[in-house]
Amino acid sequence: MYFDDLKHAQRERLIFLDRCFTWRGMANRRNLIYRFGISEAQAALDFRTYLDLVTTAPTYDNVRKSYIAADNHIPLSPSTLTEAFEVVVGEDGYNDMAVLPRPERKADPSTVAKLYQAMKARNSLHIRYTSMSSGHDEGQWVAPVRFTSDGESVYFRAFSFKHGEYRNYLPIRISLDSSFDQMELLGELPQDIDWNTKAIIWLRPRSDLSDEQVQVVRREYGFDGEFLRIETRKALEFFFSRRWGLAEEGARLKIIKIEYESMEV
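In this report, the structure presented in the accompanying data block is examined. (Residues numbered from 1 in each chain as written. Predicted model: local features only at pLDDT ≥ 70, side-chain atom pairs only at ≥ 80, totals over all residues. Heavy atoms only, no water.)

All right, on to the nonpolar core then. L125, I127, Y129, V142, F156, Y169 and I174 are the most contacted members of the largest nonpolar core, which has 18 residues in total. Elements that contribute at least two residues to this core include exactly helix 5 (109-121), strand 4 (123-127) and strand 8 (154-160). Sequence-distant contacts of L125, that is, excluding residues within four places in its chain, are made with K114, L115, A118, Q140, W141, V142, P144, F180, D181 and Q182. Counting residues in each nonpolar core, the second largest holds 17 residues, with L6, L14, L32 and V87 among its members. (Core = buried A, V, L, I, M, F, W, Y, C linked by side-chain atoms within 4.5 Å. Buried < 20%, exposed > 50% of the residue type's maximum accessible area, 1.4 Å probe, protein only. Helix = DSSP H or I, 4+ residues; strand = E, 2+ residues; numbered from the N terminus. Contact = heavy atoms within 4.5 Å.)

Pasting the structure below:
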């Protein structure tokens, strides 16, 4: 039996169970019953399946009435602490979780649909857009080519005929009174060089940190050498820097160098 051969629902339950062993160091059938609302029999079956799949089997502790993870426990599905947050909190603490709300990035569905349709048809689209730097425009033609995300907001990348270059736009900033006229592209769009260029960003802890702080930062960001190597597209460099807070006062990491490689096949 292989983990990937399981049905989706059972695989999700086993991932949860696996995270309990990984991040709590213990688990029992009640954890599955409470989390998924399944029967005692199904929970027992899931446990047997997990024990058959795991490399180092947990042992049962009669006092705690739970299975305890082996010292050399190897997860079936590696996860981060952020992904396992609810597992760490535990069922007794769900009502006490302190999670900052994310801003809701709302958008008009019909606007997104028009962008999608223009992309599929390879047409340009006439929009009125409000920029945070230059303000509101009276209308411009753009050729949307793809959607992208910085992990919080969804953008669309488009060639701007007004500016003569590719730019990233937020759908929410398109005025609803835009004409949304479409026009067939008469020729090929220019190559999106920034999108087709890989940015290899090398990071290290700030030089003014103490030795103890440097070690903490290295653990926090998962360094396995002197530098941390991050890959993204050149077109998304700005979003990466902003998401990681690299330009903010008190940033813990510093960019040492950025290397670029063409991604053209």
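This next bit is on the packing of helix 1 (residues 8-24) against helix 3 (residues 40-53). Direction vectors running N to C along helix 1 and helix 3 enclose 70 degrees, while the axes themselves pass 10 Å from each other. With respect to their mutual orientation, helix 1 and helix 3 come out roughly perpendicular. Taken as a pair, helix 1 and helix 3 cross one another with a handedness that is right-handed. Side by side, helix 1 and helix 3 meet where Q10, R13, L14, L17, D18 and F21 of the first sit next to Q42, D46, F47, T49, Y50 and L53 of the second. (Axes fitted to C-alpha atoms, helices over the stretch in contact; angles between N-to-C directions. Parallel < 35°, antiparallel > 145°, perpendicular 65-115°, else oblique. Left-handed = near helix turned anticlockwise from the far one by under 90°.)

Next up on the list: the pairing of strand 11 (residues 197-205). Along strand 11, seven of the nine residues are buried, which leaves the element largely enclosed by surrounding structure. Here six bridges tie strand 11 to strand 12 (residues 228-233), and the two strands are oriented antiparallel to one another. The residue of strand 12 that forms the bridge with L203 is L228. (Pairing = 2+ DSSP bridges.)

Within the element layout of this structure, D150 appears in the loop between strand 7 (140-149) and strand 8. There is a polar contact of 2.9 Å between the side chain of D150 and the backbone nitrogen of E152. Here R242 takes part through its side chain, which lies 3.5 Å from a polar atom of the side chain of D150. For D150, the residues in contact, after removing those within four places along its chain, are Y155, F239, R242 and R243. (Polar contact = N/O pair within 3.5 Å; in protein donor to acceptor, adjacent residues only side chain to side chain.)

Glancing now at the pattern of salt bridges. A complete count under the given rule lists 18 salt bridges for this structure. For R13, the salt bridge is made with D46, and the minimal N-O distance between the two is 2.5 Å. With R13 in helix 1 and D46 in helix 3, this pair connects stretches of sequence that are 33 residues apart. D46 shares its class with R13; the two are buried. Residue R146 pairs with D192 through a salt bridge whose shortest N-O separation is 3.8 Å. (Salt bridge = Lys/Arg side-chain N within 4 Å of Asp/Glu carboxyl O.)

Let us now look at the packing of aromatic side chains. This structure, assessed with the given rule, holds 14 aromatic pairs. Aromatic pair F21 and F47: ring centres 6.2 Å apart, planes at 80 degrees, arrangement edge-to-face. Taken together, the residues span a long stretch of sequence, with F21 in helix 1 and F47 in helix 3 at a distance of 26 residues. Assessed through its relative accessible area of 2%, F21 is described here as buried. Accessibility expressed as a relative area gives 3% for F47, which makes it buried. (Phe/Tyr/Trp six-rings, centres within 6.5 Å; stacked < 30°, edge-to-face > 60°.)

For helix 5, which comprises 13 residues, the first-to-last C-alpha distance of 18 Å matches the rise-based estimate of 18 Å (1.5 Å per residue) to within 8%. Residues of helix 5 that are buried: T111, L115, A118 and M119. With its buried residues spanning 100 degrees around the axis, helix 5 presents them on a single face. Facing away from the buried side of helix 5 by more than 90 degrees, the exposed set consists of P109 and K120. Buried residues along helix 5 sit in contact with strand 4, strand 7, strand 8 and strand 10 (182-184). Immediately downstream of helix 5, the backbone of R122 shows phi near 55 degrees, a positive value. (Expected span 1.5 Å × (residues − 1). Arc of directions from axis to C-beta.)

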